[in-house]
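Each chain, written out:
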Amino acid sequence: VNPPTAESLQRRLERETSARRQAEALLEQKSLELFQANEALKGELAERQRSEARFRDLTELSSDWYWEQDENLRFTHLSGGSLEKGGFNPQTSLGKTRWEIPNIVMSEEQWTAHKATLVAHQPFYDLTYQQVADDGTVHYVRVSGRPILDEQGRFMGYRGTGKDITEAVHAQNRIQYLAYHDSLTELPNRAMFSELLNHAISKARRHNRRMAVLFIDLDRFKNINDTLGHEAGDTLLQEVGRRLKHTLRQSDTVARLGGDEFVVLLEEIGDARQVEKVAGKILAAVVRPFHLLGQEFRVTASIGASIYPEDGQDEQTLMKSADIAMYQAKEEGRNAFRFYSAKMDIHTFERLALESSLRRALERTEFELHYQPKRDLHSGAITGVEALLRWRHPDLGMVAPAQFISIAEETGLIVPIGKWVIKTACWQNKHWQEQGLPRMCIAVNVSARQFSEETLVQDVVSILEETGMDPDLLELEITESVVMRDPERAVKMLKELKERGIRLALDDFGTGYSSLSSLKRFPVDTIKVDRTFIRDIPGDAEDRALTQAIIAMSKTLSLTVVAEGVETKEQLEFLRQHACDEFQGYYFSKPLPAEEFARLIQTAHAEKR
Amino acid sequence: MKGIVFREFADMVEQTFSAEILNRIIDASNLATRGAYTAVGTYDHREIVELVNRLSSETGVGIPDLLRAFGRYLFKRFVALYPHFFASAKSAFDFLPQVHNIIHVEVKKLYPDAELPQFETSAPEPDRFVMVYRSTRPFGDLAEGLILGCIEHFGEKISLAREDLPCQNGAHIRFTLIRQK
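Every value quoted in this text rests on a predicted model; they were computed, and no experiment measured them.

Undergrad: Can you break down the pairing of strand S17 (residues 441-446) of chain A residue by residue, with the values?
TA: Two faces make up the sheet, and in a regular strand the side chains alternate between them. Residue and element names in this part refer to chain A. The element S17 is largely enclosed, with a buried count of 5 among its 6 residues. Examined bridge by bridge, strand S15 (residues 382-393) and S17 share 4 bridges and lie parallel to one another. The residue of S17 that forms the bridge with Ala387 is Val444.

Undergrad: An account of the layout of surface pockets is needed here, citing residue identities and associated values.
TA: All names here are of chain B. Approximately 1100 Å³ is the volume attributed to the largest pocket. Lining the largest pocket are 38 residues, and of these Val5, Phe78, His104, Val107 and Leu116 lie nearest its centre. Top element by residues in the lining of the largest pocket is helix H5 (residues 92-110). It accounts for 8 residues. Looking at side-chain class alone, the lining of the largest pocket contains 29 nonpolar, 4 polar and 5 charged residues.

Undergrad: For the environment of His181(A), give the residues involved together with the corresponding values.
TA: Tracing the chain through its elements places His181(A) in the loop between helix H5 (166-180) and helix H6 (190-207). Residues His181(A) and Arg256(A) lie 75 residues apart in sequence; the distance between their C-alpha atoms is 8.5 Å.

Undergrad: If you had to explain the packing of aromatic side chains to someone new, which residues and values would you point to?
TA: Residue and element names in this part refer to chain A. Within the structure shown, the criterion is met by 26 aromatic pairs over all chains. Ring geometry for Trp391 and Phe404: centres 5.3 Å apart, planes at 80°, overall edge-to-face. With Trp391 in strand S15 and Phe404 in helix H12 (residues 401-411), the pair connects residues that are 13 residues apart, well separated along the chain. The same class applies to Trp391 and to Phe404, which are both buried. Through successive ring pairs, a cluster of aromatic residues spans Trp67, Phe75, Phe124, Phe155 and Tyr158. Here Arg98 stacks its cationic end above the ring of Trp67, 4.8 Å away from the centre of that ring. For Arg243, the ring lying beneath its charged end belongs to Phe290, and the centroid distance is 3.7 Å.

Undergrad: Kindly report on the sheet that holds strand S2 (residues 128-135) of chain B, identifying the contributing residues and their values.
TA: Residue and element names in this part refer to chain B. Ordered in space as S1-S2-S4-S3, the 4 strands form an open sheet in which the pairing is antiparallel. Each having just a single partner strand, strand S1 (118-125) and strand S3 (158-164) make up the two edges of the open sheet. This sheet shows a mean twist of 20° between the axes of neighbouring strands, independent of strand direction. Two elements, S1 and S2, share 6 bridges in a ladder whose sense is antiparallel. Bridge pairing in S2 places Glu125 opposite Arg128.

Undergrad: Summarise H5(B); cite the residues concerned and give the values.
TA: Residues and elements named next belong to chain B. If you check H5, its first and last C-alpha atoms are 25 Å apart, about what 19 residues at 1.5 Å a residue would give, namely 27 Å. Where H5 bends most, at Gln98, the angle is about 55°. Within H5, the full set of buried residues consists of Ala92, Phe93, Phe95, Leu96, Pro97, Gln98, Val99, Ile103 and His104. Where H5 is buried, its residues touch helix H4 (63-81), S1, S2, helix H6 (140-154), S3 and strand S4 (171-179). Where H5 begins, one side-chain oxygen reaches toward the backbone nitrogen of Phe93, 3.3 Å away; that side chain belongs to Ser91.

Reading guide: rules and limits
- Residues numbered from 1 in each chain as written.
- Chains lettered and ligands numbered in written order.
- Predicted model: local features only at pLDDT ≥ 70, side-chain atom pairs only at ≥ 80, totals over all residues.
- Heavy atoms only, no water.
- Buried < 20%, exposed > 50% of the residue type's maximum accessible area, 1.4 Å probe, protein only.
- Helix = DSSP H or I, 4+ residues; strand = E, 2+ residues; numbered from the N terminus.
- Pairing = 2+ DSSP bridges.
- 1 Å grid on protein atoms, 1.4 Å probe; cavity = no way out; pocket = protein on both sides within 12 Å on 5 of 7 lines; lining within 4 Å.
- Points joined across faces, edges and corners; volume = space filled by probe spheres on them.
- Nonpolar A, V, L, I, M, F, W, Y, C, P; charged D, E, K, R; others polar.
- Phe/Tyr/Trp six-rings, centres within 6.5 Å; stacked < 30°, edge-to-face > 60°.
- Lys NZ or Arg CZ within 6 Å of the ring centre and 35° of its normal.
- Axes fitted to C-alpha atoms, helices over the stretch in contact; angles between N-to-C directions.
- Expected span 1.5 Å × (residues − 1).
- Bend = angle between axes of the 7 residues up to and from the residue.
- Contact = heavy atoms within 4.5 Å.
- Polar contact = N/O pair within 3.5 Å; in protein donor to acceptor, adjacent residues only side chain to side chain.

Right, dumping it as structure tokens:
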């Protein structure tokens, strides 16, 4: 090979120079590109730092924490302020799978389902479990996660969030508990009992078994509440609840429906005797003395039972039947137990309907008074008036006193109703006087229950003061039978009324088996001969004789005698012959509304003049 | 094509033939670069095709022979320039798979836009090695030269068989290397 010529060397130099310029240009271009790339990276770095700061703040401030797992599902990252607050140490979990963390409580089924999700690389939401924190407290934890995939779609692990939901779970549990329990007695409430009963019904139906529903109502609980106060009443209910629970088997259900009503569900009963035995135990448990406010008390209960399937095959019917049976037990004297029988239905239903509307009748001013004049048998002059209660029922129309007075008595409603009657009668009488009508004595019936009220005298006195009516224009009519129930007390009571100038009448006289001689003990002004005697005179000899005797005896005691229910001229004639003083009845006038009565008086007064 | 190949080609022409011949083939070619190449630049591969054509005319040596010879030369130069790529390999069978798996990966890092040929290698038997070469450019002979250079470098007794496979343009060749006992 020959050495290169000078020209070749020159050419090579030129090429090298050109190549160097190219290289320098390339270098400059690459430097610029590097600079730009560097700037872009700086921007990305800053953005990444901001993003990380956001993420850090988010996990620190949020009630959620953040976690990551590798492809073997081992924790590689755990962060978040709520972790430590919840008492979890992230360090003890790192490097472990969730099932290697010893203090996580999950059921076998839950684990199986969760692992299946993980194996399928599927996301999961709201996996909830219990976890025991380092300090030993039990926490409820809820986690969600989704798989991490790289650009090629390969599974790299999981990441997700977790949250301590202990408080929410506790609140939820409490709400659940409150929704299904009576807060006073901690017993199941009506809603829960309904569920349990329905469940038991379907079970009994499937297995062809019998079961019993027992309705338990405390007798006269209202009195306890009224006299001792609600707190004592509540304490009593709590104690009753405890006693019921202790009396029953673990498998039986006792619930409080509200007020003083409890209900018991006896599943898998053999025969009716078994139910009777349990009812007997309950009655015995309730009747044991209670100690309230330092005193000893006794209450009784009335129990009604219905049996599945005989007395009902659904919740409503079983409950209704047991309720009816319970009412029957109450009616038959309380502290008693009755099985349901279909006969009870009709009677009790009417009664229940009447009772509930009676409770509202006072507020709705459905009551009114009608007035029946009393006449002098000899002169024919109007001597007085008897106020009679009427109930104008919105659906039933006029309801006769016979239909509702007994219910009002039993329920105690007669007391406020009776007070209203006295007050209205006094007010009306006073009002008539102000209208210029002559002074008349107005008679008002006092029921047995009213008469047993300690406050009767005071109540009447207050009404007189309030209405401004003279006491001697008010006559209280008390039946003979009421007086004879407790003659000692009656005498005392009547005397007190008498001392205040109030007139007194013995009503329905002749039916109460009082010896005629005992009559003189009672400071009464008037004797009213019961309508049953008047009805059959002058035909019936015995009634004639009795009426005659009553009149005669009253005369010797200087009492006014009034005959009730006089409907015929013959009756009137007989009474006149035997010197009866006054009468009332349809023969002269039926009971009238106030305006009509006023017109009647005005007319009679004008005639007299 | 990377500038290093052009520079090495020019050096080979100067050394094997002469500086004057290099000048002549450059002058005879219509080159945008006018024969000035820097190793880190990238140039149109047609320039080297043209230069080889001119060299063949100038010297009377066939183009395939020239390219094979250049391949063998180039391999030696690579060994000299980039010794670290050759440090670990003990034989051609060791080294050749690395061309695709390691060297081309490294080249891509420096020159992301480099258009590299593809090699698929397999060793169906211990002494038999197959390398399928595919390129959009007509450099099958250059590749053969490089493989021969590799065999020479490791001083092994290996026979090389070449089988051209059908292809639209560029090159698609199966090289089979059999180690002699």
